[in-house]
Amino acid sequence: MLANRRTKDTDGLVAELTALLGADRVSTNAGILERHGRDESYHPSFAPDVVAFAKSTEDVVAIVKLAAQHDAPIIPFGVGTSLEGHVAALEGGVSIDLSGMDQVLEVNAEDLDVKVQAGVKRKALNAYLRDTGLFFPIDPGADATLGGMAATRASGTNAVRYGTMRENVLGLTVVLADGRVIRTGGRSRKSAAGYDLTRLFVGSEGTLGIITEVRLRLYGVPETMAAAVALFPSIGDAVNTVIRTIQSGIPVARIELVDEVQMDALIRYAKLDYPKQPALFFEFHGTEAGVKEQAEMVAALGEEFGIGGFRWTQKAEERSKLWEARHNVLYSCLALRAGAKALATDACVPISRLADCILETRKDIDAHGLLAPIVGHVGDGNFHVTVVLDPDDPKEMKTVEAFVERLALRAIAMGGTCTGEHGIGYGKIPFLQAEHGEGVAVMRQLKQALDPENRMNPGKIFAA
C-alpha cells in the first residue's frame, strides 16, 4: 500500500504547513510519524508523511485546503486507542492530530448538554463536570477523545442503560473534504428537519469529514451506585442470567461477562479474590432503596441458573478496583503469554441469540487450540474475544484470521453484526458486504458525493 502514496511535493506541503501553524505544530520526526500511524490493534502500522497539530476548527480547514492542493490524504488522529487500524496512513499524507483541541466550550446544566472540542478526553470531561452533579456515561474503557468516540460510534460498559455514542451525540461540527464547515443537529431533543446528518457522521471513521466539535447529552450523577460480582458453574448459565435480567426490565447500568479463562487472567493480573469460573460484573444506579432492590432481583434470577455467589458493595474503592480490573483486560490477557500480542475482536447479536453465539465461539476457540479469553458488555448482546498470539508465526496467524472470519459470519448469520463497537477500519472490511449487501453500494455513493477524490482516511470501511 505504501507504493500508492499520492502526496505531491511532500517537502513543499511541510513547508506550507509550517508557515501556517509554526514549526512546533508540524512534525516529520520518525518517532512521531510512527506513533500516528498505529492504534492499539495488532494491525500493521503505516506512518503518515507529516503530522499537523490543530488547535481549532479554522486550523483544520486550513490544513485540509493545503492537503487538497498537494493531493495528500488526510487522516484524523485523537489518541490512537482504536482497534481496527483506523488511524493507519495507508497512502501516506497528513495526520491531523486533534488532541490539542481540548476545550469544553459550553455546559448547559439545565438542559443536560455540553459542547466540547473533539480532542477532549472522556475522563477530563467528567472531571470538568464534577461540581455540576452531571456526568457523561459512555465508557469504552480507554481514555479516548470524544471526537474519536463519535467518529467510531463508541460504546462501552454503560451502554445497556445509557446507550452508545449514537444515542448521545446531539450535534457535530464537521470539516468536509473541500474545506466547508457544517454544523449538524442542535440542542433540541428532537427534530424532523431534513436528513439526520449527525447520525451519518457518527461512525463514519473519518472517511466523510473531520469532526472538530461535539455536542453531547449529559445525565445526573446517581444518588447511589453499587457493584456486584456473581459466579456461575458455566458460561451458559451466566449468559442466560443476563438474558433473563434484560427481559425482566431490571434497569442495570452495567453487565459484564468474563469467562473462566478471562477470570483466571484477572485473578493473576489484578489480584481479584474470586475462584476461577465464569462471572458477571454488575453495576446498579439509582436511589439507595432502588439499588438494593435491583441487586436482590438479579440475585433471585440467578438462582435458576446455579448462581454460586453474589457479592455486592456500595464502597467506592471496591467498585473502582473491580472496574479498573475490567478495563485492564487487555493487559491481563497479554500477561498470560510472554512476548505475545493481542488480537481483540468483537461481535454483537440479538440478546436472544447471545448464549448460542458465545457457546459456539468458545467451542470454536477450544477446537483450534487458541488462547482467547471472552469478555463482553453482554447486557446489549456485545462480546469481545482477545486472542493472545505470536503475529510472527504465519501458521498461527492463519488459524486466528480464520477464527475471526468465522466469528464475524456467525454473528451476522444470527441477525447480529461483525462489530458492535470496534468499527470497520481496514481490519473488518471483508465482512461489511456480508452484513449489509446492497447497502454497501449506497455507502460508497455517499462517500463519492462527499469525498470524490477519496482523500479522507482512504482505505477505511471500503477497500478502494
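These numbers come from a predicted model, not from an experiment.

S.K.: Mind showing me how you'd approach the sheet that holds strand S1 (residues 26–27) here?
M.R.: Adjacent strands of a sheet pair through backbone hydrogen bonds, lying either parallel or antiparallel. Spatial strand order, S1-S2-S4-S3: 4 strands in an open sheet with mixed pairing. Of all the strands in the sheet, the pair left with one neighbour each is S1 and strand S3 (74–77). Bridge analysis of S1 against strand S2 (residues 50–53) gives 2 bridges, and the strand direction is antiparallel. Counted as the bridge partner of Val26 is Ala52 from S2. Strands in contact with helix H1 (residues 10–21) are S1, S2 and strand S4 (94–97); relative to S2, the strand with the most contacts, it is inclined by about 15 degrees. Of the strands in this sheet, S2, S3 and S4 touch helix H3 (residues 57–69), which is tilted by about 180 degrees from S4.

S.K.: How should I be thinking about the pattern of salt bridges in this particular structure?
M.R.: Side-chain pairing between opposite charges can occur once the charged atoms of the two side chains come close. A complete count under the given rule lists 27 salt bridges for this structure. Where Glu396 meets Arg337, a salt bridge forms, and the shortest distance between an N and an O atom there is 2.8 Å. Taken together, the residues Glu396 in helix H15 (residues 394–413) and Arg337 in the loop between helix H13 (329–334) and strand S16 (341–348) connect sequence positions 59 residues apart. With relative accessibility at 29%, the residue Arg337 sits in the partly exposed group. Bridged by salt links that share partners, the residues Glu106, Asp111, Asp113, Arg187 and Arg215 form one connected network.

S.K.: Is there a simple way to explain the sheet that holds strand S17 (residues 374–376) in this structure?
M.R.: Strand order across the open sheet formed by 7 strands is S15-S12-S14-S13-S17-S18-S16, with antiparallel pairing between neighbours. Each having just a single partner strand, strand S15 (309–313) and S16 make up the two edges of the open sheet. For this sheet, the mean angle separating the axes of adjacent strands, direction not counted, is 15 degrees. In the packing of H15 onto the sheet, contacts are made with S16 and strand S18 (382–389), and the angle to S18 comes to roughly 175 degrees.

S.K.: Any chance you could explain the side chain of Thr417 here in plain terms?
M.R.: Along the chain, Thr417 falls in the loop between H15 and helix H16 (429–436). A distance of 2.8 Å separates the side chain of Thr417 from the side chain of Glu435, its partner in a polar contact. Every residue in contact with Thr417, bar those within four places of it in the chain, is listed here: Ala347, Cys348, Ala411, Ile412 and Glu435.

S.K.: Would you explain the pairing of strand S9 (residues 181–185) in this entry?
M.R.: For strand S8 (residues 169–175) and S9, the ladder comprises 5 bridges, and the chain directions are antiparallel. When the bridges of S9 are listed, Leu172 appears paired with Thr184. Count of turn residues in the S8/S9 antiparallel hairpin: 5 residues, of which Gly179 carries a positive phi of about 95 degrees.

S.K.: For this particular structure, what's the right way to read the side chain of Lys428?
M.R.: Within the secondary structure layout, Lys428 lies in the loop between H15 and H16. Once residues within four sequence positions are removed from consideration, Lys428 is found in contact with Glu84, Thr345, Asp346, Cys418, Thr419 and Gly423.

The rules behind the values
- Residues numbered from 1 in each chain as written.
- Predicted model: local features only at pLDDT ≥ 70, side-chain atom pairs only at ≥ 80, totals over all residues.
- Heavy atoms only, no water.
- Pairing = 2+ DSSP bridges.
- Helix = DSSP H or I, 4+ residues; strand = E, 2+ residues; numbered from the N terminus.
- Contact = heavy atoms within 4.5 Å.
- Axes fitted to C-alpha atoms, helices over the stretch in contact; angles between N-to-C directions.
- Salt bridge = Lys/Arg side-chain N within 4 Å of Asp/Glu carboxyl O.
- Buried < 20%, exposed > 50% of the residue type's maximum accessible area, 1.4 Å probe, protein only.
- Polar contact = N/O pair within 3.5 Å; in protein donor to acceptor, adjacent residues only side chain to side chain.

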